[in-house]
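Each chain, written out:
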Amino acid sequence: MGLKLLVALAAFSGASAFAPSTSVLPSARRSVRASLAMRDSYMAGNWKLNPESLDDAKALAKEVVEASSDMPGESAVFVPFPYLGAVGDVLEGSKVQLGAQDCYIEAKGAYTGAVSMGMLKSTGVKAVLAGHSERRSIFGEDDDTINKKVLTIIESGLDCILCIGETQEEYDMDLNNEVCALQLAKGLQGVSEEMLSKVIIAYEPVWAIGTGKVATPEIAESVHAYIRSWFAKAYSKKAAEAMRIQYGGSVTPESVDELMAQPNIDGALVGGASLVGEKFARIMNYKALDTAAAPVEEKAAPVEQKAAPVEEKNGGKRTAIKEFWEKLVGSSA
């Protein structure tokens, strides 16, 4: 997949916004959560193809509502289409929003199995996912299709959570930033800075989803910082500082506090843990650790140390791929 990605990148060699400098926003680390005065946290539960019955869905929604009264920030559950109406009734009047996992770009017509934005809005949906890794890998959605959905969602007046992230092979080749930059540039094509107010980014390292592998808070933070720098270069510093960026790599009650202590992580897109009321309640009501800027920098060192074994294993392949990438699109780092 990684080499195929690079072949595709050759066609976009003029897109200088793909590789912004990660030093654009040095002030981001001054205070771990200080910047969130303008960015409310956003915890999203993606139920995927779960639960098995409508009764179970309503019971789970009730548990989420009961745990949401004192939570910081915002929250939403993204439920299967058949449950939207009933779950929406349970959520009504609470702090938890109703979300849909997908949509179609047409408003009506002969599109068997499709669901339009008008249909979703009529059930009370406030946000829709686009570009989730499972839509990309299982259903074959490409960046062009995802971009059309992003535009459709925004133009309908609903919030769009655009999911991006690299595979294991791409991560091993140290292409996580480049993959995210490419998916952002293509997924947000035609999206103006004004329209960004309806966009939330979810970084989901595919290799850490349901695999038992863990992306440390430092790894997640480094990519989130890069994503924010991408917005600073592609749009503006103001847009970058306002953008909410969720982390979506198998978030659990045990990992959420340290993740939310990172200055560029503004929430979570939660899969399996969102299906257990008690677990999602703990995630919604996270307790961000008060970590100062210096320790964050000191803790980042092990991320660099991790690279050495991969470099040796691949016989310098990582460096070669990085150099090839920089020749293709240039680097402002």
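Right above here is the structure, for reference.
Residues numbered from 1 in each chain as written. Predicted model: local features only at pLDDT ≥ 70, side-chain atom pairs only at ≥ 80, totals over all residues. Heavy atoms only, no water.

Asks: Sorry if this is basic, but what is going on with the nonpolar core here?
Replies: In globular proteins that are soluble, nonpolar side chains generally tend to be buried together. Judged by nonpolar contacts, the single largest core of 73 residues is most densely connected at Val87, Leu188, Ile201, Ile227 and Phe231. Here this core takes 8 residues from helix H9 (residues 217–234), the largest share from any one element. Residues within four places of Phe231 in sequence aside, it is in contact with Leu184, Leu188, Leu196, Ile201, Ser236, Ala240 and Met243. If you look at the next biggest cluster of nonpolar residues, it comprises 11 residues, including Tyr42, Ala76, Ala202 and Leu269. (Core = buried A, V, L, I, M, F, W, Y, C linked by side-chain atoms within 4.5 Å. Buried < 20%, exposed > 50% of the residue type's maximum accessible area, 1.4 Å probe, protein only. Helix = DSSP H or I, 4+ residues; strand = E, 2+ residues; numbered from the N terminus. Contact = heavy atoms within 4.5 Å.)

Asks: How should I be thinking about the pairing of strand E5 (residues 159–164) in this particular structure?
Replies: Put simply, side chains in a regular strand alternate between the two faces of the sheet. Counting buried positions along E5 yields 6 of 6 residues, so the element is predominantly enclosed. What you see with E5 is no split at all: Asp159, Ile161 and Cys163 on one side and Cys160, Leu162 and Ile164 on the other are buried throughout. Where strand E4 (residues 127–130) meets E5, 4 bridges bridge the pair, whose relative direction is parallel. Following the sheet pairing, Ala130 is matched in E5 by Leu162. (Pairing = 2+ DSSP bridges.)

Asks: Would you take a moment to explain a nonpolar patch on the surface for this structure?
Replies: Among the surface-exposed residues, Tyr104, Ile105 and Tyr111 lie close enough to one another that they form a single nonpolar patch of about 230 Å² accessible area. In this structure, Ile105 sits in the loop between strand E3 (96–100) and helix H4 (117–122). Of the residues examined, Ile105 reaches a relative accessible area of 31% and is grouped as partly exposed. (Patch = residues over 30% accessible without salt bridge, like charges linked within 9 Å, V, L, I, M, F, W, Y side chains within 5 Å. Areas by Shrake-Rupley, 256 points an atom, 1.4 Å probe, with all protein chains shown as cover. Salt bridge = Lys/Arg side-chain N within 4 Å of Asp/Glu carboxyl O.)

Asks: Where do I start with the side chain of Ser116 in this structure?
Replies: Tracing the sequence through the fold places Ser116 in the loop between E3 and H4. Residue classification places Ser116 among the buried residues on the basis of a relative accessible area of 6%. Beyond its immediate chain neighbours, meaning those up to four positions away, Ser116 contacts Tyr104, Glu106 and Ala107.

Asks: Looking at this structure, I do not really get the sheet that holds E4. What am I missing?
Replies: Strand-to-strand pairing in sheets goes through backbone hydrogen bonds, with the strands running parallel or antiparallel. Ordered in space as E1-E2-E3-E4-E5-E6-E7-E8, the 8 strands form a closed barrel in which the pairing is parallel. This sheet shows a mean twist of 30° between the axes of neighbouring strands, independent of strand direction. With 5 bridges joining them, strand E2 (residues 74–79) and E3 adopt parallel strand pairing. Residue Val79 lies in a different strand from E3, and its bridge partner there is Ala100. In this fold H9 packs onto E5, strand E6 (199–203) and strand E7 (245–247), with an angle of close to 160° to the strand it touches most, E7. Against the sheet, helix H12 (residues 277–284) engages strand E1 (42–46), E2 and strand E8 (267–270), with an angle of about 160° to E1. (Axes fitted to C-alpha atoms, helices over the stretch in contact; angles between N-to-C directions.)

Any functional reading would require information beyond the geometric quantities listed.
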